[in-house]
Amino acid sequence: MPSVQYSDFLLGGIASMGATVFTNPLEVIKTRIQLQGELAARGTYVQPYKGILQSLITVAKHDGITGLQKGLIPALNFQFVLNAFRLGIYNSAVEAGWTKSQGGKESLGRNLFWGASGGLAGAIVSSPFFMIKTHLQSQAVKAIAVGHQHQHTGMSHAFREIYKAHGVSGLYRGVLATIPRAILGSGGQLATFGVTKDLIRRHTEVKNPLFVSLLAGMLAGSVMAMTITPPDVIATRLFNQGVDEKGRGIYYRGVIDCCIKVVKAEGIQGLYKGFWATYLRIGPHATLVLMFFDQMVSYRDKLFGKSS
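*Asks:* Where do I start with the environment of Phe211 in this structure?
*Replies:* Secondary-structure assignment places Phe211 in helix α7 (residues 209-240). Put simply, Phe211 and Met291 are 80 residues apart on the chain and 8.8 Å apart in space, counted from C-alpha to C-alpha.

*Asks:* Is there a simple way to think about the packing of aromatic side chains in this case?
*Replies:* The geometry of an aromatic ring pair is captured by the separation of the ring centres together with the interplanar angle, meaning the angle of the planes. Counted under the stated rule, the structure contains 9 aromatic pairs. Measuring from centroid to centroid gives 5.4 Å for Trp98 and Trp114, while their planes differ by 25°, and the two rings are stacked. In this pair, Trp98 sits in the loop between α3 (72-95) and α4 (108-138) while Trp114 sits in helix α4, placing the two residues 16 residues apart along the sequence. Residues Trp276 and Tyr279 carry aromatic rings whose centres are separated by 5.8 Å and whose planes lie at 75° to one another, so their mutual orientation is edge-to-face. Of the two residues, Trp276 and Tyr279 are both situated in helix α9 (residues 275-304); the distance of 3 residues between them amounts to about one turn of the helix. For Lys133, the ring lying beneath its charged end belongs to Phe130, and the centroid distance is 4.5 Å.

*Asks:* Is there a simple way to explain the pattern of salt bridges in this structure?
*Replies:* Any two side chains of opposite charge can pair, on the condition that their charged atoms come close. Across all of its chains, the model carries 15 salt bridges by this definition. Between Asp257 and Lys261 there is a salt bridge whose closest N-O contact spans 3.2 Å. On the criterion of helical spacing, the pair formed by Asp257 and Lys261 is a turn pair, its members being 4 residues apart in helix α8 (residues 255-266). Exposure remark for Lys261: the relative accessible area of 29% places this residue in the partly exposed category. Glu266 is paired through a salt bridge with Lys273; the nearest N and O atoms lie 2.9 Å apart. Given a relative accessible area of 3%, Glu266 falls into the buried group. The network of salt bridges with common partners includes Glu27, Lys30, Lys133, Arg181, Asp232 and Arg281.

*Asks:* Quick question: what am I supposed to make of the state of the cysteines here?
*Replies:* According to the stated counting rule, one finds 0 disulfides in the structure shown. With no disulfide of its own, Cys258 has Cys259 as its nearest cysteine by sulfur position, at a separation of 7.3 Å. Cys258 gets classed as buried once you look at its relative accessible area, which sits at 0%. Take Cys259: its relative accessible area is 27%, and that puts it in the partly exposed class.

Parameters at a glance
Residues numbered from 1 in each chain as written. Predicted model: local features only at pLDDT ≥ 70, side-chain atom pairs only at ≥ 80, totals over all residues. Heavy atoms only, no water. Helix = DSSP H or I, 4+ residues; strand = E, 2+ residues; numbered from the N terminus. Phe/Tyr/Trp six-rings, centres within 6.5 Å; stacked < 30°, edge-to-face > 60°. Lys NZ or Arg CZ within 6 Å of the ring centre and 35° of its normal. Salt bridge = Lys/Arg side-chain N within 4 Å of Asp/Glu carboxyl O. Buried < 20%, exposed > 50% of the residue type's maximum accessible area, 1.4 Å probe, protein only. Disulfide = S-S within 2.5 Å.

Here you go:
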């Protein structure tokens, strides 16, 4: 059995952090739109966020330019931990040959399994960062505030206050919401990426590794945006809701309860709030992450070989 490339975990985390710096403003907008009009019927609430460009301008106008990078620190930590696991596990499976069928071709099912497995492991471990990222990204001045407003002054303060009030379980509140998000998003993205790269190499004249990664990453990002939006809306709602003195959510009891309440109050379109912000963020983000990761793995192999 091939040895695990432990550097894959580190490279996966670094690649995602680089991409996050560029895409975090869209993540802020996406979070605000997903929380806008929470459990209210369409047309019955004020919409401070009406579109991508208008929303970016609105945040910059009221919260300042730095408002577009709210939650960046926990977002960087979340992406590092998430992608260290999901890309590390996935690429280890690729290098071990576990994603190929008996005929030597990349198997969609096997890629889906390893992509989902890595994503699930990463999502569970990184769940506290996702929650705090959501809390900080939703913070805004009163005129454009949406959703529950948590009074954190930063990531460290949030960790201390949540742990002080509810212990470790408080930091992992809503962790089950990350499971469908990770399986659908990560599994779909990495399966598409692996199979598309294989198809391009075998059936086209495109040989440049960077361009192959770019093309495969663009398609993988589009697939991820389409599959991840509903579970992402649910995760955002569950993580951002306020809690009572026992640490229980004041709006939703869990994933299924949240899904039912959103559809009942906001219609099925409520599960697709922030889709275009998600699409515009995830497309470039996924492309950059996978491209950065592929290139760093390639450079590592050239410099040190494939032994860990």
